[in-house]
Amino acid sequence: MKTIESHPGIPLINHLKEVAKNCLGIANANTTNFGFDKKVKADLLFICGFYHDLGKATSYFQYYLHNPDKPHNSLKNHALPSAVFVLYVAKQYLKESGLTKDQQFLLSVICFIVVRRHHGNLGDFKNEMDINHFKEDLEKQYNSIDKDVIQKIIQVGNEILETPINWDNFVNWFENNGFSKETRFEFIEFYTLNFQKKWEIPKKSEAYYLFLWMFGALLFSDKSDVILAGKFPEIQKLDLNYLTAFRKDKGFNKPSTTINNLKNDAYFSVIASLENKFEASNHFYSITLPTGLGKTLTSLGAALKLKELAKLKEGKIIIAIPFTSIIDQNYEVYREVFNDPDNSLLLKHHHLAEPKYKETEDAVRDSEESQFLIETWQSSVVVTTFVQLLECLITNNKTKLLKFSALSNSVIILDEVQQIPHPLWEVIRQAFFSIAEHLNCYIILMSATQPLIFKPGEEITELVDDHQKYFSFFNRTRLVNKTKESISLDEFIEIVIGYCLDNPKKDVLIILNTKKTTLETYRNIYSSFNSEKNEVFYLTTLITPFERKKIIDKIKSQSNGKRQIIVSTQLVEAGVDISVNIVFRVLAPLDSIIQAAGRANRYDEKGEVSEVYLYKIEELEKVTGFIYGSDLIKKTENVLIGFETIEEKEYLQLIQNYFEQVKDLSVYSENNYLKSLLALNFEETGGFQLIEDTKTESIFISLNENARRVWRKFLEIKENDLLNIYEKKKEFTTIKSEFYDYVINISVPFQENNIGLPLEPNYGFYYIDLEDQPKPIYNSNPDFSPNKEGYVFENINVLIF
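Here the structure is a predicted model, which means the values were calculated and not measured.

The rules we used
- Residue indices follow the written sequence of each chain, beginning from 1 at its first position.
- Owing to the predicted nature of the model, reporting of local features is limited to residues with pLDDT of at least 70; listing and counting of side-chain atom pairs is limited to 80 or more, with chain, interface and lining totals taken over all residues.
- Only hydrogens and water are set aside; all other atoms, that is, all heavy atoms of the structure, feed into the side-chain values.
- Strands are runs of DSSP state E lasting at least 2 residues, helices are runs of H or I lasting at least 4, and numbering of each runs from the N terminus.
- We define a salt bridge as a contact between a side-chain nitrogen of Lys or Arg and a carboxyl oxygen of Asp or Glu at a distance within 4 Å.
- Buried means the residue's accessible area, taken with a 1.4 Å probe over protein chains only, is under 20% of the maximum for its type, while exposed means over 50%, and partly exposed covers the values in between.
- Polar contacts, as counted here, are pairs of nitrogen or oxygen atoms within 3.5 Å of one another; within protein the pair requires one atom able to donate a hydrogen and one able to accept it, and residues that are adjacent in sequence qualify only if both atoms are side-chain atoms.
- Expected helix span is taken as 1.5 Å per residue step, with the number of steps being one fewer than the number of residues.
- Cavities and pockets are found on a 1 Å grid laid over the protein atoms alone: a cavity is a set of points where a 1.4 Å probe fits but cannot escape, a pocket is an open set with protein on both sides within 12 Å along at least five of seven lines, and a lining residue has an atom within 4 Å of such a point.
- Grid points are joined across faces, edges and corners, and a volume is the space filled by probe spheres set on the points.
- All residues other than Ala, Val, Leu, Ile, Met, Phe, Trp, Tyr, Cys, Pro, Asp, Glu, Lys and Arg, Gly among them, are scored as polar; the first ten of these are nonpolar and the last four charged.

Engineer: Help me understand unusual backbone geometry in this model?
Structural biologist: Excluding glycine, residues mostly have negative phi values, and the peptide bonds linking residues are mostly trans. Although it is not a glycine, Asn177 adopts a positive phi angle of roughly 65°. Mapped onto the elements of the fold, Asn177 is located in the loop between helix H8 (167-175) and helix H9 (178-198). Positioned with a positive phi, Asn440 is a non-glycine residue whose angle comes to about 60°. For Asn440, the location among the structural elements is in the loop between helix H18 (425-438) and strand S8 (442-447).

As C-alpha cells, this is what we get:
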C-alpha cells in the first residue's frame, strides 16, 4: 500500500501524531479557563491537531506533493477538506459533553475555522461558515481518498477520543448537505439571536480569546513539528534567588548614599507588599516610583516573587518596553542578573534583535530554528516591545499568533505603560482582563506616571505602599511654566542662547517637537558658542542610529570637561540615561514633560534644584496638536492653569489630575477595535496597530567602511538568482541589525508621492555616498565631532517629527 505523506518523505500519520501530541502538551501544561472542562479543551485541541492535515490524503494533494512543478488546480488544497471533517468530529464528540447548544456550536465552529485558516489569517466569524461554492470540489476531494487508508488514521483518533468516527458516515453526511443544513440554522440561532444580542461583554471577549488560543496552539504545534522535529530547547527554571544573589554581590543591601537607601527601601517594600496583598484572583498590580529609583530591578523582583506566590512553575516573565533603545539597555542589566545566560533563560525579541538562538556559547540553532524559537518566545524571561506583545493580543495574523499560547501562566511587566496611546486604552484593558482570566496571566504596570487604564484600588493593586513619600523625598527638578502666552521660535532661541551665555557652567537640554525646528535651533545655538568651552550636540532621527549611539555615549562620558548643550527631539525623553542642569521643553502632553524632567539632575548630583522651562511656540502650536493630539495638549494646559512653578514633589498629584482627564477621553473615544473584537470580526482586529503607519521612504547612509560592506552584502543577497524570496529574507536577517544602523526614514510630505531626492531607490532604499552627493542631502563628520546635521535635503518638512 502506497504511503500517504504530509511532506516529502514524511508519512501523514507521523505528522498528525506529532502535531496532536504538541497540542495536548499545550493544553495540559498551561492553566487556562474558558468555562468548560479541561479534558474537553484538551480533546478539542487534539481533534484540531490530529486531523488538521487530513485533506492531504486526497490523490490531488499527493500528486502535487511529488510533482510540484507540474500544473495543478485548487483541488490540491487541503485546509478546507480537513476543516469540514474536523467540524464533523467535534460535533460528534460534543454531543455527550453536557455543554449547552450554544457552547457546542461555538466550540465546533472554532475547531473548523482554526483548521481552515491554519495556513492563513483568521476571517470574520460571520463569513467563515459559507462553503457552498466549494461543495463540488470537496466531494471530488473526499471521493479521491482511499477509504481503507483514511479509516486506519481515523481509528487512531477514535481510540484516544473514545468517539466512533467512520469515514463513510462522514462522506454521506456531507453529500446529503449535512454541513450546510445544520450550520445554517445553528449559526442564525447562535450568532444573530444569542451571541450578538444576549451575551455580555466578558463572554464575548472570552470567545474571541478562545479562538486566538486554539488557533495559536495549532499553529505552534504544526510549525514546531516541521521546523524543530521534536528538538525543543529545555527551558530553564528561575526564581528570586538569582536577583537576591546579584543584589548581594553588588552591595545593594548595604547602601552608602541616601538615594541608594531609598532604592533599597522601595525594593523590599514591593516584595513585602506582594507577600501581604497577593491573592490568586487578583491579577493586576502596579509599581509607581519616580525616575531613578531602580524600577527595572524592583519590577523583576516583583515578577519573580509573583511567579512564586501564584505557583506559575512553567510560566514565563514577559517584559514589554515601548522602545528598542530601552530594551537593549535593560537587557544588559538582566543579562548581568542571570549571569550571562543562554536564550532558554533570557531572550530579546524585537525587529532588529540578533536572529540567533544560543543554547550554550558554542551551540547556536540554525537560522530557521532560531527565528522560530525567538518569535515564539521559548525562554523563561522574554524582553520585548509593546508592539510585539500588544499586537499579538488584538489580531488575526498567524505569524503574530504563533506565540499566543506562550502567554499562559506568565507574569507580564509593562514598563513605561503611559506610552500606550489613550484611544487604545479600552480595547487593551479588555484584552488584559481576558488573558488574565482565561490564560492565568498576572500583570504588573510600571511607571513614574501611572495612566488610569485600570481603576486604582478596585481593579489594580499598588505595590509601593505610600508611594507618595518617594515622590515627596525628591527635590531634584522644578517645572517653570511659561506657557501662558505664546512666543515665536526666534524669541525662544534667543531666550535659550541668553540663558546659556549667562550660565556658562551649566549643561542644557533643549527639546522641540519637530525635526525641522530642532535643526534650526541647533544651527543658531551652534553658531553662537565656541568649541573650546562648549560642545553642542544635535539629536533627531534624521541622524542614523549608528551616529546617535556614538553621540549619546559621548554625552554620557563627559570626558573632556566642556559644557554640554544638547538640542533634541522627544527621542531623548525615554531610554537615554543622561543628566543635565537645565531643560527647555516646548509644550507637549504632561507625561512627556515629566519624562523630560527626568533628564535633569537625575541622580540628585547637581547640588541645586534643576529648572525645567516650559514654553509654547507660535509656529509649533498646530503641528504639536497634529503630533500628539490636540486633546492631550488641551488637557495639559488645563492642569497647568494657575501654576507658575511646580516642585517635583507635586508632580504626582499633577499627573494624576492629568490622567483623570485623559481617562474621560479614552472612554469616549470611538473604540472600533473593541467593537470588532466583541463581534468576532477578526479581519478588522487584524488592522490593529500600536503605532500608526506613516508614509515614509528609507535612505541608507554610507557612513564608513562597515556600512559599505553591509550595503554590498545587501546587494549580493538581492541579486542572487539562486535564492528564492524566502531564502533572501532569511539571509537578510543575518545583517538586518547592522544594516538598519545606517538607515534613516523620511516622512513623505503631505500630498507628495516621494521625498523628492534627485536619485532613484535601489531595492527600496536610496543610497547616499557621503563623498558623491548630487545635492547636499546628508552631512556627517567621520570623527563624530559637532556640526553633524544628518539629513539636510531642501525638502525637509515642518510636519516631520
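More follows now that the structure is in view.
Engineer: Just checking my understanding: could you explain the pattern of salt bridges for this structure?
Structural biologist: Oppositely charged side chains may form a pair once their charged atoms are brought near each other. Summed over all chains, the structure comprises 40 salt bridges. Put simply, Lys91 and Glu182 hold a salt bridge, and the shortest N to O gap is 3.4 Å. Taken as a pair, Lys91 in helix H4 (residues 79-94) and Glu182 in helix H9 lie far apart in primary sequence, 91 residues in all. Residues Arg709 and Glu738 are paired through a salt bridge, measuring 2.9 Å at the closest nitrogen-oxygen approach. In this pair, Arg709 is assigned in helix H29 (residues 705-718) and Glu738 in helix H31 (residues 736-740), connecting sequence segments 29 residues apart. Among the residues examined, Glu738 registers a relative accessible area of 30% and is labelled partly exposed. A cluster of three or more residues bridged by salt bridges with shared partners is formed by Lys231, Glu359, Arg365 and Glu369.

Engineer: Explanation requested: the side chain of Ser82 in the structure shown.
Structural biologist: Tracing the sequence through the fold places Ser82 in helix H4. Under the relative-accessibility criterion, Ser82 is labelled buried at 0%. Separated by 3.2 Å, the side chain of Ser82 and the backbone oxygen of His52 make a polar contact. Within polar-contact distance, the side chain of Ser82 engages the backbone nitrogen of Leu54 at 3.2 Å.

Engineer: Could you clarify how one ought to interpret helix H13 (residues 295-309) in this entry?
Structural biologist: Residues that lie three or four places apart on an α-helix share one face, since the helix turns once every 3.6 residues. If you check H13, its first and last C-alpha atoms are 20 Å apart, about what 15 residues at 1.5 Å a residue would give, namely 21 Å. Of all 15 residues in H13, 12 are buried, a share of seventy percent or more. Taken as a whole, H13 has its buried residues at Lys295, Leu297, Thr298, Ser299, Leu300, Gly301, Ala302, Ala303, Leu304, Lys305, Leu306 and Lys307. Of the residues trailing H13, Lys311 is marked for its positive phi of about 60°.

Engineer: Would you mind showing me how to read empty space enclosed by the protein here?
Structural biologist: If a probe the size of a water molecule is rolled over the atoms, the empty space left behind becomes visible. Per the stated rule, a full pass over the model turns up 6 cavities of 30 Å³ or more. Estimated volume of the largest cavity: approximately 150 Å³. The wall of the largest cavity is formed by 17 residues, among which Thr291, Arg476, Ile594, Glu648 and Tyr651 lie closest to the centre. When contributions to the lining of the largest cavity are tallied by element, the ones reaching two or more residues are helix H23 (590-597) and helix H26 (651-668). It is H26 that contributes the most residues to the lining of the largest cavity, 3 residues altogether. A class-by-class count of the residues in the lining of the largest cavity yields 9 nonpolar, 5 polar and 3 charged. A volume near 60 Å³ is recorded for the second largest cavity. As for the second largest cavity, its lining consists of Ile131, Asn132, Lys135, Phe174, Asn177, Gly178, Phe179 and Ser180. In terms of residue count, the dominant contributor to the lining of the second largest cavity is H9 (3 residues). Per-class residue counts for the lining of the second largest cavity are 3 nonpolar, 4 polar and 1 charged.

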